[in-house]
Amino acid sequence: MDLGNSPSSSTISSTTTTTTPNPAITTATITTSDDPMQSWWESISKARSRIHSLSSILEHSSSSSSSSSLSLPSLADSDRPALSLLSSLDAYLSVSSALSSPLSGSGSDPLCHWLYDTFLSSDPHLRLVVCSFVPLLSGLYLSRIHSLPSNSPSLPSLAGFEAVLLALYAAETKARAGKPVVVSVPDLSQPSLYHTPRQRPNSSPGGGPSRNSVGVLAPPLEPQIAVKSTKRAAIVGVALDCYYKQISQMPAWSKLDFCRFVAAWAGQDCPCQEEFDDEPEITGFSEIRDLENGNRIDDVTEEITQLRIENGNGGSRSNGDLGSKGSRIPLPWELFQPALRILGHCLLAPLNSQDVKDEAAFAVRRLYARASHDLVPQGILATRSLIQLDKRARADAKVAVAAANSSSSNANTPSKAKKPEILLVSK
């Protein structure tokens, strides 16, 4: 049921009587929705209803902890329940644990129904909650699909996961309105962007064709009613694009999940991933290598590490190992490109925690190794650029810390009084 097309319950209906020549028509109904307080309260009530519904689903789920499910109703009592749900690590862990069970993802999965109905709601904050689970949904779905051998008689029923992914795909298809995603490439013969002369796009001052060009980042989207094997990567890639549009509002644990899934998707644990890190004392990347051993994990990462993810063949592995977040899968450009965009934000955004940056750096190096083995030139160029940017950022951070430490030590050290200068003057 498409809740987005249903009339909002926040509208106020008022009836006025008018005099018309036809006596059969005596009333006219005028619908208005100009009361912001009423619409705000309706939004709060809808968010609280969705939270209570989620709490009820998790209480009946054997894989979710009782303490986490009991803390969900308290989120509904806040002034902004949807944002409280988005920023709650306990809620994220509870939903992740339920989604990771071997029986999840089917068409009858109530949690998938909750995600689908919540995303179709008109509340943008509730849609953000669903977007925060896109990395987990995509990772579990792709890992389970590709974990079974190709000659398997039956594939697992993942209609619930596919319904949520198709809802995200349909929303992005509607937003793009049948147009491709393009970028204007400036004329590189000019000294800068500000030196580009004002002219028509298809002409130049000399009468010849313009040197400005337009690059197509993504072709127009076609409506899809089912997830076919030939369109699977494109649909998941579009869902990741929806996640990237809202990534500045996503919590850190959602970004950590994505980085770990990408590292597992790449699946290339070879020495070539470290060929840019010959000088760990400059880059500080030795700390990133210790992540697999759990030597550098903060409180948030520790709680996520306690979560156990079920892989596609029904086995269970702990998240303490980076490779356990899913399995190696095919990486066409439809998946590679949005993954690079998200990793670029996780790696370079200044407000991200150091754990997110470290996980992103590890995943980018895994992707570089995968692109090098698969001979994907655009992937090699993009990952090399991100690695170089990461090295420079870490070197600059180390220099800044050293400068701050030296300045503080100089301020605390008392300086000796200078001796007066004696000038010798010859007579």
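About the thresholds
- Residues numbered from 1 in each chain as written.
- Predicted model: local features only at pLDDT ≥ 70, side-chain atom pairs only at ≥ 80, totals over all residues.
- Heavy atoms only, no water.
- Helix = DSSP H or I, 4+ residues; strand = E, 2+ residues; numbered from the N terminus.
- Buried < 20%, exposed > 50% of the residue type's maximum accessible area, 1.4 Å probe, protein only.
- Contact = heavy atoms within 4.5 Å.
- Areas by Shrake-Rupley, 256 points an atom, 1.4 Å probe, with all protein chains shown as cover.
- Polar contact = N/O pair within 3.5 Å; in protein donor to acceptor, adjacent residues only side chain to side chain.
- Core = buried A, V, L, I, M, F, W, Y, C linked by side-chain atoms within 4.5 Å.
- Domains from an automatic or database assignment.
- Axes fitted to C-alpha atoms, helices over the stretch in contact; angles between N-to-C directions.
- Left-handed = near helix turned anticlockwise from the far one by under 90°.
- Nonpolar A, V, L, I, M, F, W, Y, C, P; charged D, E, K, R; others polar.
- Phe/Tyr/Trp six-rings, centres within 6.5 Å; stacked < 30°, edge-to-face > 60°.
- Lys NZ or Arg CZ within 6 Å of the ring centre and 35° of its normal.
- Salt bridge = Lys/Arg side-chain N within 4 Å of Asp/Glu carboxyl O.
- pLDDT = per-residue confidence, 0-100.

### Observations concerning the overall build of the chain
Helix and strand counts for the chain come out as 16 helices and six strands. For the chain, the proportion of its 427 residues judged to be buried stands at 42%. Within the chain, contacts between residues separated by at least 24 positions form 73% of all contacts whose residues are at least 6 apart in sequence. Element-wise, carbon and sulfur atoms account for 56% of the exposed surface of the chain, whose accessible area totals about 23300 Å².

### Brief notes about the side chain of Ser254
Assignment of secondary structure puts Ser254 in helix 10 (residues 252-266). Reaching out from Ser254, the side chain makes a polar contact with the side chain of Tyr243 at a distance of 2.9 Å. The contact partners of Ser254, leaving out residues within four places of it in the chain, are Tyr92, Ser132, Pro135 and Tyr243.

### Observations concerning the nonpolar core
Leu85, Leu99, Tyr141 and Leu343 are the most contacted members of the largest nonpolar core, which totals 85 residues. Counting the residues that make up this core, at least three belong to each of domain 1 (39-60 + 70-147 + 156-184 + 216-249) and domain 2 (251-276 + 328-405).

### As for unusual backbone geometry
Although it is not a glycine, Ala177 sits at a positive phi angle of roughly 55 degrees. As for its position among the elements, Ala177 is in the loop between helix 8 (159-176) and strand 3 (181-185). For Leu375, which is not a glycine, the phi torsion comes out positive at approximately 55 degrees. Tracing the sequence through the fold places Leu375 in the loop between helix 15 (354-374) and helix 16 (377-412). Taking relative accessible area as the criterion, Leu375 reaches 68% and is therefore assigned exposed.

### Some words on the packing of helix 14 (residues 333-348) against helix 15
Following both chains from N to C, one finds helix 14 and helix 15 inclined at 145 degrees, their axes separated by 8 Å at the closest point. Judged by the twist between their axes, the crossing of helix 14 over helix 15 is left-handed. On helix 15, the residues that touch Phe336, Leu340, Leu343, Cys346 and Leu347 of helix 14 are Val356, Lys357, Ala360, Ala361, Ala363, Val364, Leu367 and Ala371. Counted by class, the contact of helix 14 with helix 15 contains twelve nonpolar, no polar and one charged residues.

### Structural notes on the packing of aromatic side chains
Inspection of every chain in the model, using the stated rule, returns five aromatic pairs. Between Tyr92 and Phe133, the ring centres sit 5.1 Å apart and the planes meet at 10 degrees, which makes this aromatic pair stacked. Of this pair, Tyr92 sits in helix 4 (residues 89-99) while Phe133 sits in the loop between helix 6 (124-131) and helix 7 (134-147), placing them 41 residues apart in sequence. One exposure class covers both Tyr92 and Phe133, and it is buried. Joined through ring pairs, the aromatic side chains of Tyr243, Phe258, Phe261 and Trp265 make up one cluster. Over the aromatic face of Phe119 sits the side chain of Arg127, whose NZ or CZ is 4.3 Å from the ring centroid.

### Quick look at the pattern of salt bridges
Counted by the stated rule, this structure contains nine salt bridges. Residue Arg176 is joined to Asp241 by a salt bridge in which the shortest nitrogen-to-oxygen separation is 3.4 Å. Linking Arg176 in helix 8 with Asp241 in helix 9 (residues 232-245), this pair joins segments that are 65 residues apart in sequence. Note on Arg176: relative accessible area 12%, which makes it buried. For Asp241, a relative accessible area of 11% gives the class buried. Close ionic contact of Arg260 with Glu359 constitutes a salt bridge, the shortest N to O distance being 3.0 Å. One end of the pair, Arg260, is in helix 10; the other, Glu359, is in helix 15, with 99 residues separating them in the sequence. The two residues Arg260 and Glu359 agree in class, both being buried. Taken together, the salt bridges that share partners define one network made up of Glu172, Arg176, Asp241, Lys245 and Arg341.

### Structural notes on the confidence of the model for the chain
Predicted coordinates in areas of low pLDDT are best not read in detail. Summing up the model confidence of the chain, the mean pLDDT is 76 and the portion of residues at 70 or higher is 65%. Below a pLDDT of 50 lies the segment residues 1-32, which in the model reaches 30 contacts outside its immediate sequence neighbourhood of four places, other chains included. Here residues 279-297 is a poorly scored stretch, pLDDT under 50, and it has 38 contacts once near neighbours within four places are set aside; other chains count.

### Considering the environment of Cys259
Its place among the elements puts Cys259 in helix 10. The buried category is assigned to Cys259, whose relative accessible area is 0%. Sequence separation of Cys259 and Leu343 is 84 residues, and the distance between their C-alpha atoms is 7.0 Å. Once residues lying within four places of it in the same chain are set aside, the contact partners of Cys259 are Leu343, Cys346, Val356, Glu359, Ala360 and Ala363.

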